Amino acid sequence: MTGKPVDTGDPDRLYTVTGGRSRADDDAFDLVTLIVSECEPTLGMQSEHVRILDLCRHPTAVVELSAELKLPVTVVRILLGDLLATGRITARHPRAARSLVDLPDSALLKEVLHGLRNL
């Protein structure tokens, strides 16, 4: 069985959508970063930016945006960088545990797993 290529977008279209850029300016967005629109789309905005603002009325992960827009994650990150730079979106990063002390006890997790298996 052969797999379908991940990036099926037309390279010319992707080049146009990103304005020729191949990388986001910074690493502000990982796959699970939640994006929230801070404004409504305005006239003259790029159609992909408009779609992102519409999709992000409620917090939406970068990976979900990529799937909805049918664009590679790298392209979505570039578009999000544009919107973040103009203050049209905010990015909410998931909280990481500060230390091992903040993580749940492994015995508790085993009990939960055992309970789930018994369901």
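Here the structure is a predicted model, which means the values were calculated and not measured.

S.K.: How should I be thinking about the nonpolar core in this particular structure?
M.R.: Judged by nonpolar contacts, the single largest core of 18 residues is most densely connected at Phe 29, Ile 35, Ile 52, Leu 65, Val 76, Leu 80 and Ile 89. Mapped by element, the contributors of at least two residues to this core are α2 (47-55), α3 (62-69) and α4 (73-85). If one sorts the elements of this core by residue count, α4 sits on top with five residues. Sequence-distant contacts of Val 76, that is, excluding residues within four places in its chain, are made with Val 62, Leu 65, Ser 66, Leu 69 and Leu 71.

S.K.: How should unusual backbone geometry be read in this particular structure?
M.R.: In terms of backbone geometry, most residues other than glycine have negative phi values and most peptide bonds are trans. Phi at Lys 70 is positive, roughly 55°, even though this residue is not glycine. Relative to the helices and strands, Lys 70 is located in the loop between α3 and α4. Overall, Lys 70 belongs to the exposed group, its relative accessible area being 71%.

S.K.: I'm lost on a nonpolar patch on the surface in this one. Help?
M.R.: Residues Leu 108, Val 112, Leu 116 and Leu 119 make up a contiguous nonpolar surface patch of about 450 Å² in total accessible area. Within the secondary structure, Leu 119 is located in the segment after α5 (106-118).

S.K.: Got a minute to help me understand the packing of α3 against α4 in this structure?
M.R.: If you want to describe how two helices pack, look at the angle between their axes and the distance between the axes. Running from N to C, α3 and α4 cross one another at 110°; their axes reach a closest spacing of 9 Å. As the angle between them shows, α3 and α4 are arranged roughly perpendicular. Contacts between α3 and α4 involve Val 62, Leu 65, Ser 66 and Leu 69 on the former and, on the latter, Val 73, Val 76 and Leu 80. Split into classes, the residues belonging to the contact of α3 with α4 amount to six nonpolar, one polar and no charged.

S.K.: Explain α2 to me, please; I cannot follow it from the model alone.
M.R.: Along an α-helix, residues three or four apart share an orientation, since each turn contains 3.6 residues. Taken together, the buried positions of α2 are occupied by Glu 48, His 49, Ile 52 and Leu 53. The buried residues of α2 occupy an angular sector of 140° when projected down its axis, which confines them to one face.

S.K.: What is the right way to look at the pattern of salt bridges in this model?
M.R.: Note that side chains of opposite charge can pair when their charged atoms are close. Applying the stated rule across the entire model yields three salt bridges. Glu 40 is the partner of Arg 57 in a salt bridge, and the nearest nitrogen-oxygen pair spans 3.5 Å. Within this pair, whereas Arg 57 is found in the loop between α2 and β2 (60-61), its partner Glu 40 is found in the loop between β1 (34-37) and α2, the two being separated by 17 residues in sequence. Taking the shortest distance from any N to any O, the salt bridge between Arg 51 and Glu 68 comes out at 3.8 Å. Residue Arg 51 is located in helix α2, and its partner Glu 68 is located in helix α3; the two are separated by 17 residues in the primary sequence.

What counts and what doesn't
- Residues numbered from 1 in each chain as written.
- Predicted model: local features only at pLDDT ≥ 70, side-chain atom pairs only at ≥ 80, totals over all residues.
- Heavy atoms only, no water.
- Core = buried A, V, L, I, M, F, W, Y, C linked by side-chain atoms within 4.5 Å.
- Buried < 20%, exposed > 50% of the residue type's maximum accessible area, 1.4 Å probe, protein only.
- Helix = DSSP H or I, 4+ residues; strand = E, 2+ residues; numbered from the N terminus.
- Contact = heavy atoms within 4.5 Å.
- Patch = residues over 30% accessible without salt bridge, like charges linked within 9 Å, V, L, I, M, F, W, Y side chains within 5 Å.
- Areas by Shrake-Rupley, 256 points an atom, 1.4 Å probe, with all protein chains shown as cover.
- Salt bridge = Lys/Arg side-chain N within 4 Å of Asp/Glu carboxyl O.
- Axes fitted to C-alpha atoms, helices over the stretch in contact; angles between N-to-C directions.
- Parallel < 35°, antiparallel > 145°, perpendicular 65-115°, else oblique.
- Nonpolar A, V, L, I, M, F, W, Y, C, P; charged D, E, K, R; others polar.
- Arc of directions from axis to C-beta.

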